[in-house]
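# Survey of secondary and tertiary structure
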Amino acid sequence: MDGSPASHHRLNEPQNHQDLDPADWEAVRALGHRMMDDMIDHLRDLRQNPAWRKMPPEVRAALHQSLPEAPTAPGEIYNEISELVTPYVTGNTHPRFMGWVHGGGNVMGMLADMIAAALNPNVGGRDHSAVAIERQVVAWSAQMVGLPETSSGVLVAGSSMANFIAVTVARTAALGPDVRRTGVGTHNLVGYASEAAHSCLPRAMDQAGLGSDALRPVPTDHLHRMDIEALRQMVAADRAAGLEPFMVTGTAGTVSTGAVDNMAALADFCRAEGLWFHVDAAYGAFGMLSPKLRPLLAGLEQADSVAFDFHKWGQVPYDAGIALVRDPARHLAAFDHAADYLRREKRGLATGELWPCDLGPDLSRGFRALKVWTTLRAYGTKALGRVAEQTCAIAQTLGAAIESNPRLELLAPIGLNIVCFRVRAEHNVVDALNADILADIQEAGIAVPSSTLIDGKFAIRAAIVNHRTRPEDALAMLDAVLAAATARTKR
Ligand SMILES: Cc1ncc(COP(=O)(O)O)c(C=O)c1O
């Protein structure tokens, strides 16, 4: 290479250029159609497959590969995906998956995700259609939970991130935006959430620089809801001790039992005490779309901020959650940032109002909003509200079957859509027996509930979240539990 303009030109000759588009578009089109057909069949035929399959050692080994230096043919890659990945994923699309709080996804969301990947916009900011779609989803979300349409919001991976954003906004509102430069210094901010709140809340306090001990666990009542009298006393005691209460988080649907805190009372309390009122409505928010469930969530609309997920009760494919803040100025004050290369211009692409990157920690962001927008458009809020309502009705059916069977014990009141129970047995074996039964039915691929502890007791926990789950699926899970119990006690 002699550095002359001519040799420079040679570097750019077509044969030297490496791009990643296929030489044969028609071959890729055919493979893409096959993939699409297979995925549509996969969703159509879910019921015929096990709810979960454990990855065999040879599959695990086959997935352990060295960094690929050379290309692999697309057809070969797809064969590997079909054989090594597709059969062994979590299984939460399956109608008898009832573990944790996993949504079932939906086919229109899947299709939208493919388009989002093809268009590949960076939704960190600027003035384009993908940002407009995200703004629309934010406005719909505010409307759904009853916040003003002027509220700000940002789509995130899930409620863990959304709760972190809310804590950070509340912290910055309490101490002023300078806290972002100086740190909290000698301030002693303390926040409150019920002892049944999700573990992401103490983590959010930690990540916001306040320390997880600064989240005070408030005792719960017999329905696993925050005891507001206890909260009142804790706030007064902390103030008397020189601490600075700044925030209360209510939970609309606790992770273990589905309990809903009394949010109207919490809103009143926070207003009277000058505290930020945040609601972790990770899955409960979609209950606002059901006329039957909405009254249970009264007070949510008074929150200063709300975190929730689309990928749980909203049935949007993973991952998609949102942090909503009533006062956009406060939201912006906690996350806005300037950089020479992120200037807002008067004309061109770098224009537009609020950029999403100023509302959360991420700068580059994918087009999550499209699968949310598509799901809401495709099914409408009425059907999604009915899905939430139907999962609660199935939980009640399951609860009644448990209560009518002397071999079984309901361990907690059924909050919304979550049922915690166990097979009765001698005190010294009951936890281990139930843990084994749970593993037995998961490994048999029959059904996938998960577990929790209720007052220190091991509980089999069925969270009915998936729109595909029918009453007979929940009852089949229960039959499998009883059969496994019989098999084990006979041994
Ligand atoms: C009440 C509650 N809050 C927060 C979360 C965390 O949400 P994500 O898993 O989307 O981060 C969950 C998850 O189940 C939850 O149930």
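Throughout, a residue's number is its position along its own chain's written sequence, starting from 1. Local features are withheld for residues below a pLDDT of 70 in this predicted model, meaning they are given only at 70 or higher, and side-chain atom pairs are given and counted only at 80 or more; totals for whole chains, interfaces and linings count all residues.

This part takes up the overall build of the protein. Where helices and strands are cited, they refer to DSSP runs of H or I of at least four residues and of E of at least two residues respectively, numbered from the N terminus. In terms of regular secondary structure, the protein is built from 15 helices and 12 strands. The reference for a compact globule is 2.2 Å times residues^0.38; the radius of gyration itself is calculated from the C-alpha atoms. Its C-alpha atoms give the protein a radius of gyration of 25 Å, within 12% of the compact-globule value 23 Å for 491 residues. If you line up the protein on its principal axes, its C-alpha atoms span 85 × 60 × 40 Å. Any residue with 12 or fewer other C-beta atoms within 10 Å of its own C-beta is exposed, any with 20 or more is buried, and the rest are partly exposed; the C-beta atoms used are placed from the backbone. Expressed as a percentage of its 491 residues, the buried residues of the protein come to 44%.

Moving on, we come to the domain arrangement of the protein. Residue ranges for the domains originate in an automatic or database domain assignment. Looking at the assigned domains, one finds that the protein contains domain 1 (21-50 + 53-89), domain 2 (111-379) and domain 3 (381-490). In this complex, domain 2 contributes 23 residues to the contact, which on the side of domain 3 involves 21 residues. Classes in brief: Ala, Val, Leu, Ile, Met, Phe, Trp, Tyr, Cys and Pro nonpolar; Asp, Glu, Lys and Arg charged; the others, Gly included, polar. Residues of the side of domain 2 that touches domain 3, tallied by class, amount to 10 nonpolar, 11 polar and two charged. Placing C-beta atoms from the backbone, we regard two residues as in contact once those atoms come within 7 Å.

Moving on: unusual backbone geometry. With omega at -10°, the peptide bond leading from Tyr318 into Asp319 counts as cis. Considering the arrangement of structural elements, one finds Asp319 in the loop between β7 (305-309) and β8 (321-325). With a phi close to 50°, Leu416 is a non-glycine residue in the positive phi region. Here Leu416 lies in the loop between β9 (408-410) and β10 (418-423). Overall, the presence of 26 C-beta atoms within 10 Å leaves Leu416 in the buried class.

With that settled, the discussion passes to the pairing of strand β12 (residues 457-463). Successive side chains on a regular strand alternate, one facing one side of the sheet and the next facing the other. Burial within β12 is extensive, with five of its seven residues counted as buried. Strands are treated as partners if at least two bridges between them are detected by DSSP. Taken together, the four bridges between β10 and β12 define a ladder with antiparallel strand orientation. Along β12, the bridge assignment pairs Ile418 with Ala463. As judged from the five bridges shared by strand β11 (residues 448-454) and β12, these two strands associate in the antiparallel manner.

The strand order across the open sheet built from seven strands is β2-β8-β7-β6-β5-β3-β4, with neighbouring strands paired in mixed fashion. Unpaired on one side and paired on the other, β2 (152-156) and β4 (215-218) mark the two borders of the sheet. Adjacent strand axes in the sheet meet at a mean angle of 20° when their direction is disregarded. Here strand β6 (residues 276-280) pairs with β7 via three bridges, running parallel. Its bridge partner lying in β7, Asp280 is registered against Ala307. Along the sheet, helix α9 (residues 200-207) makes contact with β3 (189-194), β4, β5 (244-251) and β6, crossing β4 at roughly 160°. Orientation is described by lines fitted to C-alpha atoms, with helices fitted over the stretch in contact, and by angles between N-to-C directions that extend from 0 to 180 degrees.

Our focus in this paragraph is the nonpolar core. Structurally, a nonpolar core is described as a collection of buried Ala, Val, Leu, Ile, Met, Phe, Trp, Tyr and Cys residues joined by way of C-beta atoms within 7 Å. Core analysis: the biggest nonpolar cluster contains 128 residues, and Val145, Ala281, Leu300, Val306, Ala323 and Ala369 have the highest contact counts within it. Element by element, the count of residues in this core is highest for helix α13 (residues 368-403), at 13 residues. Counting only domains with at least three residues in this core, you end up with domain 2 (111-379) and domain 3 (381-490). In contact with Ala281, other than residues within four places in its own chain, are Val145, Ala252, Gly253, Leu300, Val306, Ala307 and Phe308.

What follows covers the site of the ligand. Contacts to the ligand come from 16 residues, most closely from Gly158, Ser159, Ser160, His198 and Ala282. Tallied by class, residues from the shell around the ligand come to six nonpolar, eight polar and two charged. Should the C-beta atom of a residue, placed from the backbone, lie within 6 Å of a molecule or strand, that residue is near it.

In spatial order, the strands read β1-β11-β12-β10-β9; together these five strands make up an open sheet with mixed pairing. Of all the strands in the sheet, just β1 (97-98) and β9 have a single pairing partner and so form its edges. Bridge count for β1 against β11 is two bridges, and the pairing is parallel. Each residue of the ladder has a partner; that of Met98, found in β11, is Pro449. Where α13 meets the sheet, its contacts fall on β9, β10 and β12, and the angle it forms with β10 comes to roughly 20°.

Take the pairing of β3 next. Within β3, six of the six residues are buried, leaving the element largely enclosed by the surrounding structure. Taking every second residue as pointing to the same face, both faces of β3 are buried, with Leu189, Gly191 and Ala193 on one and Val190, Tyr192 and Ser194 on the other. Pairing geometry for β3 and β5, over five bridges, is parallel. The residue of β5 that forms the bridge with Tyr192 is Val248. For β3 and β4, the ladder comprises four bridges, and the chain directions are parallel. Residue pairing in the sheet places Tyr192 in a bridge with Arg216 of β4. With respect to chirality, the unit in which β3 leads through α9 into the neighbouring parallel β4 is right-handed. Looking down the strands as they point away from the viewer, one classifies a crossover as right-handed if the path from the first strand across the helix to the second runs clockwise.

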